[in-house]
Amino acid sequence: MKILTVNVHAWLEENQMEKIDVLARTIAEKQYDVIAMQEVNQLMNNKIIFDDIREENYAWVLLETLQKYTDTDYYLHWSNSHIGFGKYNEGVAVITRHKIKTEDEFYCTFAQSVRTISARRIVGITINYEGQDIEFYSCHMNLPNCETEDMGKNIQTILNRTQNNNLKILMGDFNTDAIGNVAAYENILSQGLFDTYVMAEKKDDGITVDKSIHGWDNDKAKKRLDYIFSNKELKVKESKVIFNNKNKEIVSDHFGIEVEIEF
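Residues numbered from 1 in each chain as written. Predicted model: local features only at pLDDT ≥ 70, side-chain atom pairs only at ≥ 80, totals over all residues. Heavy atoms only, no water.

Q: How should the overall build of the chain be read in this particular structure?
A: When helices and strands are tallied, the chain shows 5 helices and 15 strands. For 263 residues, the compact-globule estimate of 2.2 N^0.38 gives 18 Å, and the chain sits close to it at 17 Å. When the backbone C-alpha atoms are referred to their principal axes, the chain occupies close to 45 × 40 × 40 Å. Within the chain, contacts between residues at least 6 apart in sequence are counted, and of these 69% link residues at least 24 apart. Summed over its atoms, the accessible surface of the chain is roughly 11,800 Å², and 44% of this surface lies on carbon and sulfur atoms. (Helix = DSSP H or I, 4+ residues; strand = E, 2+ residues; numbered from the N terminus. Rg over C-alpha atoms; globule rule 2.2 N^0.38 Å. Contact = heavy atoms within 4.5 Å. Areas by Shrake-Rupley, 256 points an atom, 1.4 Å probe, with all protein chains shown as cover.)

Shown next, in the form of structure tokens:
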């Protein structure tokens, strides 16, 4: 199984359509089973296409672009988390080439209003892969020092969303630097999670941000902010940073993480 997570910084990038094209071509080439994305934006006032999806929803545009490069059918689940930059529905999304058995969306935070930046919505899907049901969650978490939220409690809300023994995979931007804030990173693991980067037989440096970005304005250090966690130990063949100008061109202010898991 090949999976990918990337904070796409939607519609806030220069040469945005060219970067969407890079992402689409890569998805077609790599044939990921599941892709999790964060900061998946759409303009709040654009016309609704269906449900809550509006014209120029980043994930929708990505799927339309992807159709140019592959005949594979992809399924999308997107949800709005909060208002971003005063004009966007800033959301999270999961794309998969497998049929979705169940889909879910919920706030993992105490804050649950689109007008509150600390409100963090999660999208989840369940697919059946080689005979087992696996749950995937796209997560964009608050900074560990968020005064109104508790990272541990937020993660427990995700893990306790379903009461079963399924493998649960949490993917995304956890806004926690494993290099610069070891205690906050270990707090995430202490919730009962395993880091696929640590479990990987083959890996690189894991760096997903190498400059100051929004939310980390005064921190130019190299950081590991993006992760793929699981609630069970797995056989991870490789964890690799992507979209960093070494492994594919840059598409966002975050690099992506691609992981290959052997079942």
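There's more to say after this.
Q: When you look at the sheet that holds strand β7 (residues 102–107) in this model, what are you seeing that I'm missing?
A: The strands making up a sheet associate through backbone hydrogen bonding, with each pair oriented either parallel or antiparallel. Reading across from one edge, β7-β8-β9-β10-β13-β11 is the order of the 6 strands in this open sheet, with mixed pairing throughout. A single partner strand is all that each edge strand has here, and the edge strands are β7 and β11 (194–195). The pairing of strand β8 (residues 121–129) with strand β9 (residues 132–140) spans 7 bridges and is classified as antiparallel. Its bridge partner lying in β9, Ile 127 is registered against Ile 134. Set on the sheet, helix α4 (residues 182–189) makes contact with β11 and β13 (226–230); between it and β13 the angle comes to about 30°. (Pairing = 2+ DSSP bridges. Axes fitted to C-alpha atoms, helices over the stretch in contact; angles between N-to-C directions.)

Q: Can you walk me through the packing of aromatic side chains in this structure?
A: Any two aromatic rings considered together are summarised by their centre-to-centre distance and by the angle between their planes. The full count for this structure, using the stated rule, is 8 aromatic pairs. Their ring planes at 75° and their centres at 6.0 Å tell us that Trp 11 and Tyr 58 sit as a pair that is edge-to-face. Here Trp 11, found in the loop between β1 (2–7) and α1 (16–30), pairs with Tyr 58, found in helix α2 (residues 58–66); they are 47 residues apart in sequence, far enough to count as distant. Given the relative accessible area of 23%, Trp 11 is considered partly exposed. The exposure class assigned to Tyr 58 is buried, which follows from its relative accessible area of 0%. A ring pair is formed by Phe 50 and Trp 60, whose centres lie 5.2 Å apart and whose planes are at 65°; its orientation type is edge-to-face. Residue Phe 50 is located in strand β3 (residues 48–50), and its partner Trp 60 is located in helix α2; the two are separated by 10 residues in the primary sequence. Feature note: the residues Phe 174, Tyr 185, Tyr 227 and Phe 229 constitute an aromatic cluster, connected by ring pairs. Positioned above the aromatic ring of Tyr 107 is the side chain of Arg 121, whose terminal nitrogen or guanidinium carbon lies 4.9 Å from the ring centre. When the ring centre of Tyr 197 is taken as reference, the NZ or CZ atom of Lys 203 above it lies at 5.1 Å. (Phe/Tyr/Trp six-rings, centres within 6.5 Å; stacked < 30°, edge-to-face > 60°. Buried < 20%, exposed > 50% of the residue type's maximum accessible area, 1.4 Å probe, protein only. Lys NZ or Arg CZ within 6 Å of the ring centre and 35° of its normal.)

Q: How should the environment of Phe 255 be read in this particular structure?
A: Relative to the helices and strands, Phe 255 resides in the loop between β14 (235–242) and β15 (256–262). Residue class for Phe 255 comes out buried when judged on its relative accessible area of 7%. Sequence spacing of Phe 255 and Ser 81 is 174 residues, and the spatial spacing of their C-alpha atoms is 21 Å. Residues in contact with Phe 255, not counting those within four places in the same chain, are Val 6, Ile 207, Thr 208, Val 209, Asp 210, Asp 226, Val 241, Ile 242, Phe 243, Asn 244 and Ile 250.

Q: Is there a simple way to explain the UniProt feature "domain: Endonuclease/exonuclease/phosphatase" (unreviewed entry) in the chain in this structure?
A: The feature "domain: Endonuclease/exonuclease/phosphatase" (unreviewed entry), as given by UniProt, occupies residues 19–254 in the numbering adopted here. Overall, residues 19–254 shows 18% helix and 35% strand. The separation of its end C-alpha atoms is 13 Å. (UniProt positions renumbered as here; feature names shortened; annotations may be inferred.)

Q: Please explain the nonpolar core as it appears in this structure.
A: Side chains of nonpolar character tend, in soluble globular proteins, to be buried together. Core analysis: the largest hydrophobic core is formed by 28 residues, its most contacted members being Leu 23 and Met 37. Looking at this core, the elements that each hand over two or more residues are β1, α1, β2 (34–43), α2 and β6 (88–96). Apart from the residues lying within four places of it in its own chain, the contact partners of Leu 23 are Leu 4, Val 8, Met 37, Tyr 58, Leu 62, Phe 243 and Val 251. Of all hydrophobic cores here, the second largest spans 25 residues; its members include Ile 134, Leu 167, Val 259 and Ile 261. (Core = buried A, V, L, I, M, F, W, Y, C linked by side-chain atoms within 4.5 Å.)

Q: In this structure, what is going on with α4? I would like to understand it.
A: In an α-helix there are 3.6 residues to a turn, and that puts residues three or four apart on one side. Burial in α4 covers these residues: Ala 184, Tyr 185 and Ile 188. Down the axis of α4, the buried side of the element spans an arc of 100°, and every buried residue falls inside it. (Arc of directions from axis to C-beta.)

Q: Looking at this structure, how should I read the sheet that holds β6?
A: Pairing in this open sheet of 7 strands is mixed, and the strands run β5-β6-β2-β1-β15-β14-β12 from one edge to the other. Looking at the sheet topology across the chains shown, the edges are occupied by β5 (75–84) and β12 (202–203). In terms of strand pairing, β1 meets β15 through 4 bridges, oriented antiparallel. Across the sheet, residue Lys 2 finds its bridge partner in β15, namely Glu 260. On the sheet, α2 packs against β2, β5 and β6 and is oriented at approximately 120° with respect to β2.

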